[in-house]
Amino acid sequence: METLRGKPAQWQAAAERFPAMVVKHGPALEQVDREVDVLKFPAPLWHELDGGRYIGTGCSVVTRDLDSDWINVGTYRVQVIDRNHVALDMVPGKHGRIHYEKHKAAGKRFPVVIVCGGDPLGYLISGIEVPFGM
């Protein structure tokens, strides 16, 4: 299986085939759900030793650094706790965890966006190691 890891020229060439487009209408803008219930989404038990169901394994988790405009998109496991709560598994040293630790040390809430069912290219990009702060 061929990989694009370490091949920035191929990424750039592929990106040219997908120009950005701003729209006022579309499927992503038609479904607005204002009441939280994560139990309505499929969340399988991925491995026999998992402690529960994971809604996020093939997802993108978006976090922001407390002290700068640095936005990170990473791939972290997201376990369903109940209809209103999930738990993130962000291991030490990963950028999302660094963001979390800064918020925690400052006594601030840690805002997070979890993208489930996004474009597969977005998910692939969220799993790529990039330099700190990029």
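Residues numbered from 1 in each chain as written. Predicted model: local features only at pLDDT ≥ 70, side-chain atom pairs only at ≥ 80, totals over all residues. Heavy atoms only, no water.

Participant: Could you give me a rundown of helix α3 (residues 95–105), with the residues and numbers involved?
Facilitator: Taken together, the buried positions of α3 are occupied by His95, Gly96, His99 and His103. Taken down its axis, α3 places every buried residue within 105 degrees of arc, on the same side. Pointing more than 90 degrees away from the buried face of α3 are the exposed residues Lys104 and Ala105. For α3, the secondary structure elements touched by its buried residues are β2 (60–64) and β3 (71–74). Backbone geometry just after α3 places Gly107 at a positive phi near 70 degrees. (Buried < 20%, exposed > 50% of the residue type's maximum accessible area, 1.4 Å probe, protein only. Helix = DSSP H or I, 4+ residues; strand = E, 2+ residues; numbered from the N terminus. Arc of directions from axis to C-beta. Contact = heavy atoms within 4.5 Å.)

Participant: Provide a residue-level description of the nonpolar core, including the pertinent values.
Facilitator: Side chains of a nonpolar character, in soluble globular proteins, are inclined to be buried together. One finds Val38, Ala43, Ile55, Cys59, Val61, Tyr76, Val78, Val80, Met90 and Phe110 forming the largest nonpolar core, which totals 10 residues. Residues in contact with Tyr76, not counting those within four places in the same chain, are Gly56, Cys59, Val61, Leu88, Asp89, Met90, Lys94, His95 and Gly96. (Core = buried A, V, L, I, M, F, W, Y, C linked by side-chain atoms within 4.5 Å.)

Participant: Break down the sheet that holds β3 for me, with residues and values.
Facilitator: One open sheet accounts for three strands, arranged β3-β2-β6; its pairing is antiparallel. On the outer flanks of this sheet lie β3 and β6 (113–115), each paired with one strand and no other. For this sheet, the mean angle separating the axes of adjacent strands, direction not counted, is 20 degrees. Direction of pairing for β2 relative to β3: antiparallel, over a ladder of four bridges. Of the residues in β3, the one forming a bridge with Thr63 is Asn72. α3 contacts β2 and β3 of the sheet and is inclined by roughly 40 degrees relative to β2. (Pairing = 2+ DSSP bridges. Axes fitted to C-alpha atoms, helices over the stretch in contact; angles between N-to-C directions.)

Participant: Would you mind going over the pattern of salt bridges in detail, with residue names and values included?
Facilitator: Per the stated rule, a full pass over the model turns up six salt bridges. Note that Arg77 and Asp50 form a salt bridge whose closest N and O atoms lie 2.8 Å from each other. With a gap of 27 residues between them, Arg77 in strand β4 (residues 77–82) and Asp50 in the loop between α2 (27–30) and β1 (54–56) connect regions that are remote in the sequence. Residue Asp50 is classed as buried on the basis of its relative accessible area, which comes to 15%. Ionic pairing is found between Glu101 and Arg97, a salt bridge with its closest N-O pair at 2.7 Å. Pair noted here: Glu101 and Arg97 are both in helix α3, with a separation of four residues, about one helical turn. Residue classification places Arg97 among the partly exposed residues on the basis of a relative accessible area of 24%. Via salt bridges that share partners, Glu35, Asp37 and Arg83 belong to a single interconnected network. (Salt bridge = Lys/Arg side-chain N within 4 Å of Asp/Glu carboxyl O.)

Participant: Provide a residue-level description of the environment of Ala106, including the pertinent values.
Facilitator: With respect to the helices, strands and loops of the structure, Ala106 is situated in the loop between α3 and β6. Considering only alpha carbons, one finds Ala106 and Leu66, 40 residues apart in sequence, at a separation of 8.9 Å.

Participant: Before we move on, could you go through the side chain of Thr63 and cite the residues and values that matter?
Facilitator: Among the secondary structure elements, Thr63 is positioned in strand β2. Engagement of the side chain of Thr63 in a polar contact is seen with the side chain of His99, the distance being 2.8 Å. Look past the residues within four positions of Thr63 in its chain and what remains in contact with it is Trp70, Ile71, Asn72, Gly96, His99, Phe110, Pro111 and Val112. (Polar contact = N/O pair within 3.5 Å; in protein donor to acceptor, adjacent residues only side chain to side chain.)

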